[in-house]
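Listed here are the chains, written in short residue letters.
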Amino acid sequence: MSYRDGMSSTRTARSGERRAEILRAALDVIAERGYRGASLAAVAERVGLTQQGLLHHFPTKEALLVAVLEERDQWDSVPSSQWRLDLLGTLVEYNAMRPGIVQTFSALLGESVTEGHPAREFFTRRYVGVRESMAKVLRAEYGERLPGGLTPERAAPLLVAVLDGLQYQWLLDPEAVDMPASVRDFLELLAAEG
């Protein structure tokens, strides 16, 4: 390895570490201040950068927030071979402990439906994967048909819609919506004979 290659890999490693530090700080700021209150300036200050320095790593607030969501998906990921339907309630309980992240996810999801939004590709790609994953989980649990007659592919978008829709309701009125209990109720409906 040449001196130049060594310097380049050191710079790349430092840049990766800095990005990870920025993502952790962004997550903290979002948790403390919510999506709207999370400014680039607050995140930059938290990691000892100027706002321009932060923009070197993440060119827009949306790009930073999408990176936080991608990182969140990495933390939440369960290997396909270990994913089971009964783990959904646990995942929902975990999300209920992180309202700032749920708020960021929901706000960006709502905005991403507009043409040209920076998070649109992330959510489009994410939902393809989530629907496929839910279909696999449903197939592992019920086979080719759920008790009510739906195929796993037809039931998967409904399950995803319930999960995300519950998050919106919970964000608006957390005292009135018990997300984990509602998910368990919906799973019982999926298991009911048609």
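*Asks:* Could you clarify how one ought to interpret the pattern of salt bridges in this entry?
*Replies:* Applying the stated criterion across every chain yields a total of seven salt bridges. Put simply, Arg125 and Glu70 hold a salt bridge, and the shortest N to O gap is 3.4 Å. Separated by 55 residues along the polypeptide, Arg125 in helix α7 (residues 120-142) and Glu70 in helix α4 (residues 61-76) bring together distant segments of the chain. When its relative accessible area of 45% is taken as the criterion, Arg125 is described as partly exposed. Close ionic contact of Glu144 with Arg139 constitutes a salt bridge, the shortest N to O distance being 2.9 Å. For Arg139, a relative accessible area of 26% gives the class partly exposed. Taken together, the salt bridges that share partners define one network made up of Glu70, Glu121 and Arg125.

*Asks:* Looking at this model, I keep getting lost on the packing of helix α5 (residues 88-96) against helix α9 (residues 179-191). Mind explaining?
*Replies:* Packing of α5 against α9 leaves a shortest axis separation of 8 Å and a crossing angle of 160 degrees. Regarding the angle of α5 to α9, the classification is roughly antiparallel. For α5 against α9, the interelement crossing comes out right-handed. Together, Leu88, Gly89, Val92, Glu93 and Ala96 of α5 and Met179, Pro180, Val183, Arg184 and Leu187 of α9 make up the contact between the two elements. Counted by class, the contact of α5 with α9 contains seven nonpolar, one polar and two charged residues.

*Asks:* So what exactly am I meant to see when it comes to the confidence of the model for the chain here?
*Replies:* Close inspection of predicted coordinates is inappropriate in any region flagged by low pLDDT. Considering every residue of the chain, the mean pLDDT works out to 86; 88% of them sit at 70 or more. Within the chain, the element-level pLDDT minimum falls on helix α1 (residues 3-37), averaging 76, and the maximum on helix α8 (residues 152-172), averaging 96.

*Asks:* Teacher, can you tell me more about α8 here?
*Replies:* Along an α-helix, a turn takes 3.6 residues, which lines up residues three or four apart on a common side. Relative to the 30 Å expected for 21 residues at 1.5 Å per residue, α8 spans 30 Å between its end C-alpha atoms, a close match to the ideal helical length. Of the surrounding elements, those touching the buried residues of α8 are α5, α6 (99-112), α7 and α9.

*Asks:* Looking at this structure, how should I read the nonpolar core?
*Replies:* Soluble globular proteins tend to bury their nonpolar side chains together. The biggest cluster of nonpolar side chains holds 52 residues, and the ones touching the most others in it are Val43, Leu64, Leu88, Phe123, Leu138 and Leu159. Put simply, the parts of the chain that give this core at least two residues each are α1, α2 (40-46), α4, α5, α6, α7, α8 and α9.

*Asks:* I would appreciate a short explanation of the packing of aromatic side chains in the present structure.
*Replies:* To describe a pair of aromatic rings, you give the distance between the ring centres and the angle between the ring planes. As enumerated under the stated definition, the model contains two aromatic pairs in all. A centroid spacing of 5.3 Å and a plane angle of 75 degrees characterise the contact between Phe105 and Phe123, whose relative ring orientation is edge-to-face. In this pair, Phe105 is assigned in helix α6 and Phe123 in helix α7, connecting sequence segments 18 residues apart. The pair formed by Phe105 and Phe123 is uniform in burial state, with each residue classed as buried. A ring pair is formed by Phe122 and Phe123, whose centres lie 5.0 Å apart and whose planes are at 75 degrees; its orientation type is edge-to-face. Grouping residues by exposure puts Phe122 and Phe123 together as buried. The rings of Phe105, Phe122 and Phe123 are connected pair by pair, giving a single aromatic cluster.

Cut-offs and rules
Residues numbered from 1 in each chain as written. Predicted model: local features only at pLDDT ≥ 70, side-chain atom pairs only at ≥ 80, totals over all residues. Heavy atoms only, no water. Salt bridge = Lys/Arg side-chain N within 4 Å of Asp/Glu carboxyl O. Helix = DSSP H or I, 4+ residues; strand = E, 2+ residues; numbered from the N terminus. Buried < 20%, exposed > 50% of the residue type's maximum accessible area, 1.4 Å probe, protein only. Axes fitted to C-alpha atoms, helices over the stretch in contact; angles between N-to-C directions. Parallel < 35°, antiparallel > 145°, perpendicular 65-115°, else oblique. Left-handed = near helix turned anticlockwise from the far one by under 90°. Contact = heavy atoms within 4.5 Å. Nonpolar A, V, L, I, M, F, W, Y, C, P; charged D, E, K, R; others polar. pLDDT = per-residue confidence, 0-100. Expected span 1.5 Å × (residues − 1). Core = buried A, V, L, I, M, F, W, Y, C linked by side-chain atoms within 4.5 Å. Phe/Tyr/Trp six-rings, centres within 6.5 Å; stacked < 30°, edge-to-face > 60°.

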